[in-house]
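Results of the structural survey
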Amino acid sequence: MSRFKAADRRIWLLIAVMALLALLFVPFSQHALGVEYDYTLQTVALGGVLLGILSGVVGCFAVLRQQSLIGDALSHAALPGVGVAFLLAGRDAGALLIGAGVAAWLGVAFINALTATTRIKSDSAMGIVLAAWFGAGIALLTFIQSSPDASQAGLSRFIFGQAAAIVRADVVLIAQVGAVVLGVIALFWKEFKLIAFDAPFADALGLRANLVGALLATITVVTVVLGLQLAGVVLMVGLLVAPGIAARQWTHKLNQMVILAAVFGAFGGGVGAVLSAVQANLPTGPMIIVVLSLLVFISMSLAPGRGLIWAYLRRRRDHQRFAYMREHDIDVRP
Amino acid sequence: MSRPEDTPTRIAFTVEDLTVAYQGKPALWDIDLRVPEGVLMGVIGPNGAGKSTLIKAALDLVPRAAGTVRFYGQTYRQARRLVGYVPQRGSVDWDFPTSVIDVVMMGLYGRLGWLRRPGRAERDAAFAALEQVDLVKFADRQISQLSGGQQQRTFLARALVQDAEIYFMDEPFAAVDAVTERAIVEILRELRGRGKTVIVVHHDLQTVKDYFDRVTLLNVALIASGETGQTFTAQNLKAAYGGRVSYMADSEQGGDDDNDVMLVGD
């Protein structure tokens, strides 16, 4: 049993290291990068952290259901909704988000309908919906931007993300909606875990996998839509799945994986948002993804048990130890 | 469930006119089946014969094109608590971040219902099931570290914890070693001994006579179903496997299983 306690301690240690890194990053960014933590940047950084937590937690289930691509399809599918909402309601932030959500939802419904009624596999269905919706979205936004109306400026931020566009009201919205989403996950923890592991068994038990799946898809849509302004449709999938993938390397327990993903997501979202403020018009999405990819790479290399470096060292140690024992006729077979 | 000695055996599982289609092709065609209580029944047939589909259609996991399925006279929806299920081992990702005891407790999620979390009682029940499959010392093991046989026994424990009356098992002997196979057979016999009905999709024709007191031969349509002695015949096997199997029972009275030879070829 003590072996598992040691593994648990490792997770807390890792979380402490991440917190320390985040604390060190603030003075580093101030002095080396010349970042000024004014009111705007505080807002942006807070938004990045909150979104990172949210998408890290939600993304774990997408990763475990082997549906990482659904996040990509969702975010791309949201784009035409932004365009349509702008044409209908103008530059109202709430309307844009609702438009994005409706379009993403329709995209997912279409993917599910395609896979249920035809022989098209889900990856192909996601690919075709992603491309079709995104293409329509780009065409629509280009059309809007070519119109003389001045108020359309800034719609392109949805493509790569623009943290600078985030205002205090956005952060409040992210916090409120995020709290509801996390509450839903806590409430339906057992159901989400079961359908991620064995959906047909959930159905056999009467815990309807399609209902639970629809709920999970809904909170994924909500998360993606909230993240669009920050990460953009192209790289939102990274914000969603990268924290989960990195966290998975460090632990074999779902609850620890979700907590770690939240920590990694917060780090990536916050640091990425701050880095994008170093220079004006630097898109936020790519910065966040660079930071998160680094975390994934480090985790895959270093994580005990699964990490590449760990595996290499173990192979070398085994080789040395057993070669020696065989040479000296020491029998260690069980 | 108490059964007075003098009453005739009850029918645990009834299938009538069951037809299932995938993409316009029938996977099961007009199946009629009556399985009495307290038997250990093997379901055999070639690949694509609809063996797994029979289980999935019974448990409402795939839509039925026609026909009805009853468990002690009830629909699956009504009889959910009476039914335990062991899916194919390969149907899940064994790299999922969870432990053996957690997987076993999933068998109780249905009884817990929506939103309620498993607690002390569920843990104890799961440990009791692990004891039956001899996996107690693996309770906290991550499932990614299990051997194939241990994975299978974990799934079996998850079904045992359901404390059902009728069990459906999809290839529980697939790719497990001889020792595990023996252990699983022992558990199945014990279930039968307690009056449970166990229906098992099975592939190894050599062991059918040894393991099962009833057998159902399937090849989209029902070939035969009944007591193993009368049903597991060369003729029925030929009908199920399309003449690709010849069966030589040259020691029908000798009783030595080793002399029963199965030739598989074309």
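Higher on the page you've got the structure.
Let me sum up the structure you'll find in this document. (Residues numbered from 1 in each chain as written. Chains lettered and ligands numbered in written order. Predicted model: local features only at pLDDT ≥ 70, side-chain atom pairs only at ≥ 80, totals over all residues. Heavy atoms only, no water.)

**Digging into the overall build of chain B**
Helices and strands together make up the secondary structure of chain B, namely ten helices and eleven strands. Looking at chain B as a whole, 53% of its 266 residues qualify as buried. Put simply, of all contacts in chain B between residues at least 6 apart along the chain, 66% involve residues at least 24 apart. Total accessible area computed for chain B in this model is approximately 11900 Å², and 46% of it derives from carbon and sulfur atoms. (Helix = DSSP H or I, 4+ residues; strand = E, 2+ residues; numbered from the N terminus. Buried < 20%, exposed > 50% of the residue type's maximum accessible area, 1.4 Å probe, protein only. Contact = heavy atoms within 4.5 Å. Areas by Shrake-Rupley, 256 points an atom, 1.4 Å probe, with all protein chains shown as cover.)

**Notes on the sheet that holds strand β7 (residues 197–201) of chain B**
All names here are of chain B. Reading across the sheet, the six strands line up as β5-β6-β7-β3-β8-β9 and stay open at both edges, with mixed pairing between neighbours. Bordering the open sheet on either side are β5 (83–86) and β9 (221–227), each of which pairs with just one other strand. Ignoring strand direction, the axes of neighbouring strands in this sheet form an average angle of 15°. In this structure, β5 lies alongside strand β6 (residues 166–170), joined through four bridges in parallel fashion. By the bridge assignment, glycine 84 is partnered in β6 with tyrosine 167. (Pairing = 2+ DSSP bridges. Axes fitted to C-alpha atoms, helices over the stretch in contact; angles between N-to-C directions.)

**As for the packing of aromatic side chains**
For any pair of aromatic rings, the description consists of the separation of the ring centres together with the inter-plane angle of the planes. Residues and elements named next belong to chain A. This structure, assessed with the given rule, holds 15 aromatic pairs over all chains. Three or more aromatic residues joined by ring pairs make a cluster, and in this case those are Phe61, Phe188, Trp189 and Phe192. Of note, arginine 321 hangs over the ring of phenylalanine 322, and the distance from its end group to the ring centre comes to 5.7 Å. (Phe/Tyr/Trp six-rings, centres within 6.5 Å; stacked < 30°, edge-to-face > 60°. Lys NZ or Arg CZ within 6 Å of the ring centre and 35° of its normal.)

**Quick word on the side chain of B:Gln151**
Its location among the elements puts B:Gln151 in helix α6 (residues 148–160). There is a polar contact of 3.1 Å between the side chain of B:Gln151 and the side chain of B:Arg89. (Polar contact = N/O pair within 3.5 Å; in protein donor to acceptor, adjacent residues only side chain to side chain.)

**With respect to a nonpolar patch on the surface**
All names here are of chain A. Taken together, the side chains of Leu294, Phe297, Ile298, Leu302, Ile309, Tyr312 and Leu313 define a hydrophobic patch exposed on the protein surface, amounting to about 700 Å² of accessible area. Elements represented by at least two residues in the nonpolar patch include exactly α11 (284–302) and α12 (308–327). Top contributing element to the nonpolar patch by residue count: α11, with four residues. Examined against the element boundaries, leucine 302 turns out to sit in helix α11. Classification of leucine 302 as partly exposed rests on a relative accessible area of 47%. (Patch = residues over 30% accessible without salt bridge, like charges linked within 9 Å, V, L, I, M, F, W, Y side chains within 5 Å. Salt bridge = Lys/Arg side-chain N within 4 Å of Asp/Glu carboxyl O.)

**Quick notes on the packing of helix α9 (residues 209–248) of chain A against helix α10 (residues 254–275) of chain A**
Residue and element names in this part refer to chain A. Relative orientation of the contacting elements α9 and α10 amounts to 125°, with a least axis distance of 8 Å. Judged by the angle between their axes, α9 and α10 are oblique. Crossing handedness for the pair α9 and α10: right-handed. Touching Pro243, Gly244, Ala246, Ala247 and Arg248 of α9 are Met257, Leu260, Ala261, Phe264 and Gly265, all from α10. Residue composition of the contact of α9 with α10, grouped by class: seven nonpolar, two polar and one charged. (Parallel < 35°, antiparallel > 145°, perpendicular 65-115°, else oblique. Left-handed = near helix turned anticlockwise from the far one by under 90°. Nonpolar A, V, L, I, M, F, W, Y, C, P; charged D, E, K, R; others polar.)

**Structural notes on the environment of A:Gly227**
Residues and elements named next belong to chain A. Along the chain, glycine 227 turns up in helix α9. Between the C-alpha atoms of glycine 227 and isoleucine 174, which are 53 residues apart in sequence, the distance is 8.7 Å. Those residues within four positions of glycine 227 in sequence are excluded, and the remaining contacts are Leu51, Gly232 and Met236.

**Digging into the sheet that holds strand β1 (residues 11–22) of chain B**
Residue and element names in this part refer to chain B. Taken together, the three strands give an open sheet; going across it, the order is β2-β1-β4, and neighbouring strands pair in antiparallel fashion. Every other strand in the sheet has two partners, leaving β2 (25–36) and β4 (66–71) as the edge strands with one partner each. Strand after strand, the sheet turns through a mean of 15° between neighbouring axes, direction not considered. Running over the sheet, helix α1 (residues 51–58) touches β1, β2 and β4 and is turned about 110° from β1.

**Topic: the pattern of salt bridges**
Throughout the structure, instances matching the rule amount to 15 salt bridges over all chains. Where B:Asp95 meets A:Arg248, a salt bridge forms, and the shortest distance between an N and an O atom there is 3.5 Å. Of the two residues, B:Asp95 sits in the loop between β5 and α3 (100–105) while A:Arg248 sits in helix α9, which places them in two different chains. For B:Asp95, a relative accessible area of 29% corresponds to the partly exposed category. Of the charged contacts in the structure, one is a salt bridge between B:Arg64 and B:Asp60, with a shortest N-O distance of 2.8 Å. According to the relative accessible area criterion, B:Arg64 is partly exposed, its value standing at 33%.

Just geometry here; none of it tells us what the structure is for.
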